Amino acid sequence: MLADIRKLVPHVTSRAAEIETGRRIPLDLVEALRSIGVFRMFVPQSHGRLELDLPTALEVIGALGRLDGSLGWTAMIGAGSAIFVPYLPRETYDQVYRNGPDMIIAASAQPTGMAEAVPGGWRINGRWPFMSDCQHADWILGSAS
């Protein structure tokens, strides 16, 4: 993965102004990160791999952050949010990865919403702060109390 990141250097550095001005990572760069496996770093092997240990994943995130700070942040949020998924009911967990392990997940651990039990499930109400990666996310997790 680090070798693939090194190949991105000229592409990312030439677009630093675009990233800064747009205040987001361009979709083609997000897809490049997805294709090299960045967003599956914490996905369990049972659902498509990598399941990297924390020091190894931090090395990848650090390499991306040195290349472009927002790229490292995007990778950390999009990959790191996967650590919440195993706490979901198994059926939901399997649904998240039904199309493969390269899911980008945005999450807010702030329980700013309210959850009310209703027949057949839950009714969720509330407002959550902006979540990094929400514009690229396949899944968004919001906590509620």
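One can find the structure itself at the top, above this paragraph.
Cut-off values and rules
Residues numbered from 1 in each chain as written. Predicted model: local features only at pLDDT ≥ 70, side-chain atom pairs only at ≥ 80, totals over all residues. Heavy atoms only, no water. Helix = DSSP H or I, 4+ residues; strand = E, 2+ residues; numbered from the N terminus. Rg over C-alpha atoms; globule rule 2.2 N^0.38 Å. Buried < 20%, exposed > 50% of the residue type's maximum accessible area, 1.4 Å probe, protein only. Contact = heavy atoms within 4.5 Å. Areas by Shrake-Rupley, 256 points an atom, 1.4 Å probe, with all protein chains shown as cover. Lys, Arg positive; Asp, Glu negative; His and termini not counted. Charge placed at Lys NZ, Arg CZ, Asp CG, Glu CD. Pairing = 2+ DSSP bridges. Axes fitted to C-alpha atoms, helices over the stretch in contact; angles between N-to-C directions. Parallel < 35°, antiparallel > 145°, perpendicular 65-115°, else oblique. Left-handed = near helix turned anticlockwise from the far one by under 90°. Nonpolar A, V, L, I, M, F, W, Y, C, P; charged D, E, K, R; others polar. Salt bridge = Lys/Arg side-chain N within 4 Å of Asp/Glu carboxyl O. Polar contact = N/O pair within 3.5 Å; in protein donor to acceptor, adjacent residues only side chain to side chain.

Side note on the overall build of the protein chain
Turning to step 1, where the next piece is worked out: If you tally the helices and strands in the protein chain, you get 6 helices and 3 strands.
Turning to step 2, where the next piece is worked out: Across the protein chain, helices and strands are ordered from the amino to the carboxyl terminus as α-α-α-α-α-α-β-β-β.
Turning to step 3, where the next piece is worked out: Taken over C-alpha atoms, the radius of gyration comes to 16 Å for the protein chain, in line with the 15 Å a tight globule of 145 residues would show.
Turning to step 4, where the next piece is worked out: Considered along the principal axes of its C-alpha atoms, the protein chain spans approximately 55 × 35 × 25 Å.
Turning to step 5, where the next piece is worked out: Counting the 145 residues in the protein chain, one finds 39% classified as buried.
Turning to step 6, where the next piece is worked out: Restricting the contact set of the protein chain to residue pairs at least 6 apart, pairs at least 24 apart contribute 61%.
Turning to step 7, where the next piece is worked out: As presented, the protein chain carries roughly 8500 Å² of accessible surface, and 55% of it is formed by carbon and sulfur atoms.
Turning to step 8, where the next piece is worked out: With 13 positive and 15 negative side-chain charges, the protein chain shows a separation of 2 Å between the mean positions of the two kinds.

Details of the pairing of strand 1 (residues 105-118)
Turning to step 1, where the next piece is worked out: Bridge analysis of strand 1 against strand 3 (residues 139-144) gives 5 bridges, and the strand direction is parallel. Residue pairing for strand 3: Ala107 is matched across the bridge by Leu141.
Turning to step 2, where the next piece is worked out: Where strand 1 lies against strand 2 (residues 121-126), 6 bridges are found, and the strand directions are antiparallel. Among the inter-strand pairings, Met114 is bridged to a residue of strand 2, identified as Asn125.
Turning to step 3, where the next piece is worked out: Count of turn residues in the strand 1/strand 2 antiparallel hairpin: 2 residues, of which Gly120 carries a positive phi of about 85°.

Notes on the packing of helix 1 (residues 2-13) against helix 4 (residues 54-67)
Turning to step 1, where the next piece is worked out: Interhelical geometry of helix 1 versus helix 4 gives an angle of 15° and a closest axis separation of 10 Å. It follows that helix 1 is roughly parallel to helix 4 by the angle criterion. In this structure, helix 1 meets helix 4 at a crossing whose hand is right-handed. Facing Leu2, Ile5, Leu8, Val9, Val12 and Thr13 of helix 1, the residues of helix 4 in contact are Glu59, Val60, Ala63, Leu64 and Leu67.
Turning to step 2, where the next piece is worked out: By residue class, the composition of the contact of helix 1 with helix 4 is 9 nonpolar, 1 polar and 1 charged.

Regarding unusual backbone geometry
Turning to step 1, where the next piece is worked out: One non-glycine residue, Arg23, adopts positive backbone phi at about 60°.
Turning to step 2, where the next piece is worked out: Within the secondary structure, Arg23 sits in the loop between helix 2 (16-22) and helix 3 (27-35).
Turning to step 3, where the next piece is worked out: Overall, Arg23 belongs to the exposed group, its relative accessible area being 75%.
Turning to step 4, where the next piece is worked out: Positive phi is not limited to glycine here, since Asp133 has a value of about 80°.
Turning to step 5, where the next piece is worked out: Relative to the helices and strands, Asp133 is located in the loop between strand 2 and strand 3.

Re helix 3
Turning to step 1, where the next piece is worked out: Among all positions of helix 3, only Leu29, Val30, Ala32, Leu33 and Arg34 are buried.
Turning to step 2, where the next piece is worked out: Structurally, helix 3 contributes buried residues whose contacts are with helix 1, helix 2, helix 4 and helix 5 (69-80).

A short note on the side chain of Asp133
Turning to step 1, where the next piece is worked out: Within the buried core, Asp133 has no salt-bridge partner, and the shortest N-O distance to an opposite charge, that of Arg34, equals 9.3 Å.
Turning to step 2, where the next piece is worked out: Polar contacts involving the side chain of Asp133 include one to the main-chain amide nitrogen of Gly78, which spans 2.8 Å.
Turning to step 3, where the next piece is worked out: Contacts of Asp133, omitting those with residues within four sequence positions, involve Phe39, Thr74, Ile77, Gly78, Ile104 and Ala106.

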